[in-house]
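A closer look at the structure
Okay, here's what each chain looks like letter by letter:
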Amino acid sequence: MIRILLRVVGREYARPMRRTIALMTATAIVEGLLYALLVPVLRALFGGSPADARPWLVAFGAAVAAYAVLRYFSDLSGMRVGTTMLRGMYHRLGDHLARLPIGWYDAARVGEVSVMAGRGLLQAMGVAAHLLAPFIAALVTPLTIVAVMLAFDWRMGLAALAAAPVVALTSACTARAMAATDAERHERDHQAGARVIEYLQAQPILRAGGRTAERFGLLDDALRQVQRASRRTALAALPGAIGLTLTVQAMFTALLVLGAYLALGGGIGAAEVLAILVLAARCADPLLSLADIGGKLRGARAEIDRLDAVLRTEPLPQPAEPREPRGHGLEFDAVTFRHGDRTVLSGLSLSVPEGRRVAVVGPSGAGKSTLLQLVARFYDVDEGAVRVGGTDVRAIGTEALMSRIAVVFQDVYLFAGTIEENVRLGRPGATDAEVRAAATAARLDEVVERLPGGWHADVGEGGALLSGGERQRVSIARALLKDAPIVLLDEVTSALDPINEAAVHQGIERLMAGRTVVMVAHRLRTVQRADHIAFLEGGRIVEEGDHAELLRRGGRYADFWNASLAPATRQ
Amino acid sequence: MSAIDSAEAAVPRTPSPDESPVAGQSMARLLRPHARSFAAVVVLQVIGAIAGLLPLLAVVELGRVLLSPGPADTGRVWAEVIVGAAGLLVRLAFTAASSGIGHLVDGQVQLTFRRHLAARLGRVPIGWLSRRRTGELAKVVGQDVSAVHPFIAHAPGELVSAFVVPLVSLVYLLSIDWRLTLITLIPVALAIAHVPLLMLPARAREQEEFDAAMGRIADSVVEFVQGIAVVKAFGGGERAHRAFRTAADDFVAVFSRWVRGMSLVAAGMQLALSPPFVLLVVLIGGTALISGGGLAPADLLPFLLLGLGLTAPVAALGHGFDDLQAARRAVGRIKEVSEVPPLPEPTAPAVPHGHRVEFQGVRFGYDDDREVLRGIDLALEPGTVTALVGPSGSGKSTLVRLLPRFFDPTGGSVRIGGVDLRDLPTRELYRMVSFVFQDVRLLRASVTDNIALAVPDAAPEDVVRAARQAGVHDRILALPRGYDTVIGEEAALSGGEAQRIALARALLADTPVLVLDEATSFADPQTEHAIRRALAAPAGDRTILVIAHRLETVADADTVVLLDDGVITDQGPPAELLARDGSFAAFWRSHRSAIGDPDSAPPGGKPR
Ligand SMILES: Nc1ncnc2c1ncn2[C@@H]1O[C@H](COP(=O)(O)OP(=O)(O)O)[C@@H](O)[C@H]1O
Ligand SMILES: Nc1ncnc2c1ncn2[C@@H]1O[C@H](COP(=O)(O)OP(=O)(O)O)[C@@H](O)[C@H]1O
Ligand SMILES: [Mg+2]
Ligand SMILES: [Mg+2]
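Predicted model, so just to flag it, every value in this text is computed and none were measured.

**As for the overall build of chain B**
Scanning chain B from N- to C-terminus turns up 24 helices and 10 strands. Residue pairs in contact within chain B that sit at least 24 positions apart in sequence constitute 75% of those at least 6 positions apart.

See below:
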C-alpha cells in the first residue's frame, strides 16, 4: 500500500515516509515493552513487598515519558508528511488533468473528478497523517505484548500468539469481501455527484419542463443507489468485524481459562497470572480497533488506486524531439477523423496559407467545429495529418502549439470572476492598453460601460451572470488579447445582433490583419469578405472559392445564400 | 416510459417543504420516523458496553480468589471464568447489532436528507441559484450529508455509553476505595481540561476556513472540468488552471495551520488518555496506598482494569470530536440551504381565460443598482408570431425569463389569460408555456428522455414527429442506438444538433405559448429556413415569441418589437415599421450599412 502511495505521490516522499514509519513503529514497540514493567511492579505489590515496586515504578515512569516524546514526534512527522504530500498531490493531479486529452472528459467526469479532488485526495493523503499511526500501533503493540508474555510464561504466550494468524486471516478475508462493495459504493457516489451537478445546472429547463426533484427520476435513482450501496457495504462489513471480535475475545477467554488452570495447578504465581491478564486486556483493545482502521485504510487504498489510475491515463503523446513550425499556414492533408463509429471527417484536404482568412461554411453537424479542434490538437486524427507551418501538430510540443493559436469556442465558457480576469486569461502579462484595445475590437467596451461593475463586474460560474452576447464578446476579447498568429473562430457572433456582429467582425479584421484566420459562421454576410470560403458537408469539402465565385457556380453555397435571404412563406 | 420519470411512482413523496417555514423543524421532522431505530441503536450499544465490563470483573474476582490466603476455591474460579466468557459473547452480539442497525438507519437518513435538499434546490429562486457555485451546492448534497454520518451511526450510542459505562465503573470503584478512585480520575480530568482549548473561537474559525477552502476546491474542480477546453487553450498548455492551484494551495495552507493549532492540544489530550499514562497514575497511587497499608493489594486490580475503561469513552469522544464538529458545521450548511425561502405559491390560485400573454409596466433588475427592464408594455396575441429584436444585452432574454417565473418583476405584472403569474400554480404555468432557452442544455439521458422532458408519457410517434419538425430526426437515427442513445455518454452532439433537440423538446410539449430565445443561432441557413417554415405553418391558436437576430426571420413575424436598453422603442408589423421609418427602420439600415451589403433592399413584404 505504501509502495503504491509513494508511486502516486512521487519518490521524493519516500525518505520522510520511511522515517515516519520508523518513528511510529518505535513508539508502538516502546508502548508494548513498557507494559512488561507491569509484571515486576505487580509481583512486588501482590507479593506483599510494596517497597520493592519503587525502582520499577520509576522505570515505568521514565518509559512513559519516552513514549510520550516519541509519540508526539511521530504524530508530528505524520502530519508533516501528510500535508506536504497533499500539496504535491494537488499539483500533480491538476497538472495531469490539464494534460489529459479532451476526449477523456465526458459528461460523467465532473462527478468523478470532483469527488476525487475533494474528499478523495484528502482521504488518500490522510493515510500518513491519521491512519498510519493507529494502524501500526494496533499491530505492533499487541505483537510486542505477546513477545513480553512469551518471555514471562511460554504457555500463555503461545496461547496469545495462536490468535495472530487468525486475526491476519480474518482481516485478509474481510478485505477481499469488501473490495467489490467498496468499489460499487464509490461508483454510486460519483454517479450521484455528477447527477446532482447536472440537476443544479439544468434547473431552468427542468423547471420549465415541470420537473421537480421528485419527478426527476435520474437524480432520485442515483441517490437511492447510493443508499443501497451503503447498506450493502455496512452489511458486508459486519462478518469481518464480528469475526475479528470473536477471535480476540476467544483469545482473551483462552488466556482466562489457561491462567485459571495454571494458577490452580500452582504452575505459575498468582501475581504473574494476573499481570498477564492485565497485559491481555491491553492487547485486546488495539486489536479490536483494527476492524475500524482496516475499513478506513481500505477506503484510502481504493482512493489511491483511483488516483493512480487517473495519473496513469496517458496524456496526449508528446513528441520526443519537438519541432518548431516554420510559418503559420495551416494544412489539412487527407484528414480522416472518427468519434467512435461515426466518421466525422473523411479524407478532407484544405490549406490555409499564412495570413489568409478562410471561412468554413456548412450544415450543422458537418464537422466544422471538429476541424478547428483538430488544429488545436484536442483530438488526434485517425488518418492523414494536420500541419501548422508545414509541421505535423503531433510533432510540435503542446505548449509551443498552444502559444501560436487563439481560439474562440462555439460554446463559451467563462470562469467565475471579473470580466477583466477573464479577458486577461488570454495573456496574463498584457498591458492595460492592450486589454482595452482587445475589448474595443470585440465591442466589449460597450458592455463594460453599461454594467454597473464595469471591468470588475462578476461574470458568474461559466459566465451565467452575463447575457449570451456579452459572454461571447468576453471570449472574443480573451482570444484577441492572446495575440497569436493563428486565430480560430467558431460561430463567435451567433448571439450578437447584426450591428454588434458587424462591428465585432470589423474589429477582428482590423486587429487580426496579417494573421491566419479560420472562421466558422452561418450568417453568410459575415463570411462574404473572407479570402476563401470552403463548404463542408458530410465530412468533406464540396466547394471552394470566394463568395462571388461560389454564387456564380450555383451549388450548395448558393443554395445556402438564397435560403438565408428568403422569408418563410406563411399560408 | 422514460427513465427520468420511472422513480415517480416508487418514491414516497417527501412532504412538501413548503409546509414548514422553519427548516430546523423540518429537519427534526425528517428524523422523526427513525426515532425507534435510534433508540434501538442506543439501548443495544449500552447493554453491549456494560456487558463488556463483565470479563474485566471476572479477572478482578479471579484475583481476589487467587490472592486470598489459603487454597483457592476451584468452583468459584471456574464460575468467574464462565461469567467473563458470557459477558464477552453478549457484548459481541449487542454491539454488532447496534452498529448494523446504526449504519442502515444512517443510509436511510442520508437518503431522506438528500431528497429533501434536492426538492428544496428545485424550488429556490433561480436568481439565488445563479449566484451560488455548483460545486459548493453539490458538496452540501453529497459530502455534507455524509458528514452527518457520525451524528447518526455512532454518536448517540457512543455518547450514551460514554456516560453510562464510566458511571457504572465509577460506582463500583468507589465502593472499593474512594481515594484511589479519585486518583484514577486524574487523567480524565486532565483530558477534559483540554476540551475548552479545542473549542476556542480561533479553533472554530480555523475549522470554518477549512470548510470554506474545501468548498473552493469543489468549485474550482467543477470549473476545471467543464472549462477544460479553455484551460487547455489559455491555461498555458501544461499547467493546471490557476484557480484550481490557488484553491488547492489555500486549502493546504489552512489545513496545516489547523493541524498545527490542534496538534499540541490534541497531543496533550491523547497522552492524558493513553493507557500507559493512566496505568502510571494508578500504579503510583496504588503503591502509595498499599505501602501505607490503606489498600488491600487485590483491590488494586479493578483499578488497573476498569480505570482504563473510565477514560476509553472519553477518548472515543475526543477522537470523534473533530468528526462531530465537522458534522455540526455540515448540518449548518444543510440548514442554510433548506432555509432559503422558495418562490411563494399562490394561496388562492386563479384560473386563466385563454392564453393571451401580457406584460404590464414590467420593471426588473437583477441587482438593485441597475434596472434591466424599465417599464415594458407588451401583449402577445394568440395565433400570432411576435419577434423580439434588439442589441445584445438589451434585456430580451431577461424578459423571457419572467414568463417561467425564474424571477418575479419588481414592478408591474406579467399575465397569462388575464391572471398574474404569481396567482397561477406553477404546474398550471408550465402546462401553458414552453421554452427553448438561449443556453441549450441536454441531460445525460437518452434522446427520447431529453425530448420528452416535459411530457414524460409522450408516445414514441409524437417524439419522432417533434424531432422531424425540428429537423433532427435523421441525425438521431444515425446515432449508435438511435433514440435510445444516451447523450453525453454514448455520443455527443454538435451545437446546432443540440439546439434542435431542445427545439423538439419545446415542440413536443405542444403548449399554447411557445418562446424561442435564439433557438436557431447555430443552425445553418437551410435548416433555419426549414424550421421557420415548420413554425410558421400550423400556427393555429398558438402564441409564439421569437428572439432572433437574422432580420429575414424577423420579417416573417406578425409583430416586431424592438427592445433597446430595457425599453420598447418600436413595435408593429415589420413592413409598417419600415415604412414608418422609426427606430426599427434605423436599426435595419444601420445593419445593412454596417455589413456593407450592396443588396440593401429590405426583404419580406417589400418588392426588391
Ligand atoms: N464527442 C463526440 N462524440 C461523438 N460524436 C461527436 C462528438 N462531438 C461531435 N460529434 C459529432 O460529430 C459531428 C460533427 O460535429 P461538429 O464538428 O461539432 O459539427 P459542426 O459542423 O456543427 O460544428 C456531429 O455529427 C456530432 O454529432
Ligand atoms: N443572472 C443575471 N444576473 C445579473 N445580471 C444579468 C443576469 N443575466 C443577465 N444579466 C444582465 O442583464 C442584461 C440583459 O441581459 P439579457 O436579457 O440576457 O440580454 P439579451 O437582450 O442579450 O438577451 C445584461 O446586461 C446582462 O449582463
Ligand atoms: Mg460547431
Ligand atoms: Mg439573450
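**A look at the overall build of chain A**
Counting secondary structure elements, chain A contains 19 helices and 10 strands. Against the compact-globule benchmark of 25 Å for 571 residues, chain A has a radius of gyration of 35 Å, which places it well outside the compact range. When the backbone C-alpha atoms are referred to their principal axes, chain A occupies close to 115 × 55 × 50 Å. Out of the 571 residues in chain A, the part that is buried amounts to 60%. When contacts within chain A are restricted to residue pairs at least 6 apart in sequence, those whose partners lie at least 24 apart make up 76%. Carbon and sulfur atoms make up 57% of the accessible area of chain A, which totals about 20,700 Å². Computing the positive centroid from 63 side-chain charges and the negative centroid from 58, chain A places the two 4 Å apart.

**Section: the site of ligand 2**
Taken together, 20 residues are adjacent to ligand 2, and E470 of chain A together with R370, G393, S397 and T398 of chain B come closest. Near ligand 2, the surrounding residues are drawn from chains A and B. At 3.3 Å from a nitrogen atom of ligand 2 is found a main-chain nitrogen or oxygen belonging to L465 of chain A. Note that a nitrogen atom of ligand 2 is positioned 3.4 Å from one of the side-chain N or O atoms of R131 of chain B. In isolation ligand 2 exposes 560 Å². Once the protein is present, 96% of that is buried. At 4 residues, the largest contribution of residues to the shell around ligand 2 is made by helix α15 (residues 396–402) of chain B.

**What to know about the site of ligand 1**
Among the 15 residues in the neighbourhood of ligand 1, the closest are listed as G365, S369 and T370 of chain A together with R475 and E497 of chain B. Bordering ligand 1 are residues originating from chains A and B. Contacts to ligand 1 include A366 of chain A, whose backbone N or O atom sits 3.2 Å from an oxygen atom. In the complex, 87% of the free accessible area of ligand 1, which totals 560 Å², lies under the protein chains. Counting only elements with at least two residues in the shell around ligand 1, the list comes to β2 (342–352) and α11 (368–375) of chain A. The greatest single-element share of the shell around ligand 1, amounting to 3 residues, is contributed by α11 of chain A. In terms of residue class, the shell around ligand 1 is built from 4 nonpolar, 7 polar and 4 charged.

**Digging into the coordination of the magnesium ion (ligand 3)**
All names here are of chain A. Every protein donor of the magnesium ion (ligand 3) is listed here as S369 (OG) and Q410 (OE1), and their distances to the metal cover 2.0 to 2.1 Å. Here S369, found in helix α11, pairs with Q410, found in the loop between β6 (405–408) and α13 (419–424); they are 41 residues apart in sequence, far enough to count as distant. In this pair, the class of S369 matches that of Q410, namely buried.

**Brief notes about the pattern of salt bridges**
Residue and element names in this part refer to chain A. This model, assessed by the stated rule, comprises 61 salt bridges over all chains. Salt-bridge contacts for R450 lead to E470; the nearest nitrogen and oxygen are separated by 3.0 Å. Separated by 20 residues along the polypeptide, R450 in helix α15 (residues 444–450) and E470 in helix α16 (residues 468–482) bring together distant segments of the chain. No difference in accessibility class separates R450 from E470, as the two residues are buried.

**Here we look at the packing of aromatic side chains**
The tally for this structure, following the rule as stated, stands at 17 aromatic pairs over all chains. Taking 6.1 Å as the distance between ring centres and 85° as the angle between the ring planes, the aromatic pair formed by Y90 of chain A and F251 of chain B counts as edge-to-face. One end of the pair, Y90 of chain A, is in helix α4 (residues 53–99); the other, F251 of chain B, is in helix α12 (residues 242–273), on a second chain. Considered together, Y90 of chain A and F251 of chain B belong to a single accessibility category, that of buried residues. Seen in terms of ring centroids, Y413 of chain A and F415 of chain A are 5.6 Å apart; in terms of plane orientation they differ by 70°. Their pairing is edge-to-face. Note on F415 of chain A: relative accessible area 5%, which makes it buried.

**A look at α16 of chain A**
Residue and element names in this part refer to chain A. The end-to-end C-alpha distance of α16 is 22 Å, a good match for the 21 Å that 15 residues give at a rise of 1.5 Å each. With 15 of 15 residues buried, α16 is to be regarded as a mostly interior element. Following α16 by one or two positions, D483 adopts a phi angle in the positive range, close to 60°.

**A closer look at the environment of L488 of chain A**
All names here are of chain A. Topologically, L488 is positioned in strand β7 (residues 486–490). The spatial distance from the C-alpha of L488 to the C-alpha of F337 is 19 Å, given a sequence separation of 151 residues. If sequence neighbours within four positions are ignored, L488 has contacts with L330, L372, V375, I405, A406, V407, V408 and V518.

**Here's the deal with the pairing of strand β7 (residues 513–517) of chain B**
Residue and element names in this part refer to chain B. Here β7 lies mainly inside the structure; 5 of its 5 residues are buried. Relative to strand β8 (residues 543–547), β7 runs parallel, the two sharing 5 bridges. Counterpart to L514 in the pairing with β8 is I544.

**Regarding the pairing of strand β4 (residues 383–388) of chain A**
Residues and elements named next belong to chain A. Here strand β1 (residues 330–339) runs beside β4; their pairing, made up of 5 bridges, is antiparallel. Following the sheet pairing, E331 is matched in β4 by R387. Looking at chain direction, β4 and strand β5 (residues 391–392) are connected through 2 bridges and run antiparallel. Considered in β5, the bridge of V388 is made with T391. The antiparallel pairing of β4 with β5 creates a hairpin that spans 2 residues between the two strands, and G389 there sits at a positive phi of about 55°.

**Some points on the interface of chain A and chain B**
At the junction of the two partners, chain A supplies 168 residues and chain B supplies 174 residues. Around 15,500 Å² of area is buried between chain A and chain B when both sides are counted, 66% of it from carbon and sulfur atoms. There are 5 salt bridges connecting chain A and chain B. Across the pair D220 of chain A and R115 of chain B runs a salt bridge whose closest N-O atoms are separated by 3.0 Å. Our enumeration of links across chain A and chain B arrives at 26 residue pairs in polar contact (both at pLDDT 80 or more). In terms of residue count, the dominant contributor to the side of chain A that touches chain B is helix α9 (residues 217–265) of chain A (26 residues). Split by residue class, the side of chain A that touches chain B holds 92 nonpolar, 38 polar and 38 charged.

**Quick look at the sheet that holds strand β5 (residues 419–420) of chain B**
Residue and element names in this part refer to chain B. In spatial order, the strands read β2-β1-β4-β5; together these 4 strands make up an open sheet with antiparallel pairing. One side of each edge strand has no neighbouring strand; the edge strands of this open sheet are β2 (373–380) and β5. Sheet analysis places strand β1 (residues 357–364) next to β2, joined by 6 bridges and oriented antiparallel. Note on β2: the bridge partner recorded for V357 is L380.

**Structural notes on the coordination of the magnesium ion (ligand 4)**
Residues and elements named next belong to chain B. Distances from the magnesium ion (ligand 4) to its protein donors, S397 (OG) and Q438 (OE1), fall within 2.0 to 2.2 Å. Of this pair, S397 sits in helix α15 while Q438 sits in the loop between β6 (433–436) and α17 (447–451), and the two are 41 residues apart along the sequence. An identical accessibility class is assigned to S397 and Q438; each is buried.

**Points about the domain arrangement of chain A**
The assigned domain composition of chain A is domain 1 (1–152 + 300–315), domain 2 (154–267) and domain 3 (330–565). Relative placement of domain 1 of chain A and domain 3 of chain A: their C-alpha centres are 53 Å apart.

**Section: the side chain of R500 of chain B**
Take R500 of chain B: it is sitting in helix α20 (residues 495–509). As a buried residue without a salt bridge, R500 of chain B has its nearest oppositely charged side chain in D524 of chain B, at a separation of 5.1 Å.

Cut-offs used in this document
- Residues numbered from 1 in each chain as written.
- Chains lettered and ligands numbered in written order.
- Predicted model: local features only at pLDDT ≥ 70, side-chain atom pairs only at ≥ 80, totals over all residues.
- Heavy atoms only, no water.
- Helix = DSSP H or I, 4+ residues; strand = E, 2+ residues; numbered from the N terminus.
- Contact = heavy atoms within 4.5 Å.
- Rg over C-alpha atoms; globule rule 2.2 N^0.38 Å.
- Buried < 20%, exposed > 50% of the residue type's maximum accessible area, 1.4 Å probe, protein only.
- Areas by Shrake-Rupley, 256 points an atom, 1.4 Å probe, with all protein chains shown as cover.
- Lys, Arg positive; Asp, Glu negative; His and termini not counted.
- Charge placed at Lys NZ, Arg CZ, Asp CG, Glu CD.
- Near = heavy atom within 4 Å.
- Polar contact = N/O pair within 3.5 Å; in protein donor to acceptor, adjacent residues only side chain to side chain.
- Nonpolar A, V, L, I, M, F, W, Y, C, P; charged D, E, K, R; others polar.
- Donors = N, O, S within 2.8 Å, 3.2 Å for Na, K, Ca; no water.
- Salt bridge = Lys/Arg side-chain N within 4 Å of Asp/Glu carboxyl O.
- Phe/Tyr/Trp six-rings, centres within 6.5 Å; stacked < 30°, edge-to-face > 60°.
- Expected span 1.5 Å × (residues − 1).
- Pairing = 2+ DSSP bridges.
- Buried area = accessible area lost by both parts, 1.4 Å probe.
- Domains from an automatic or database assignment.

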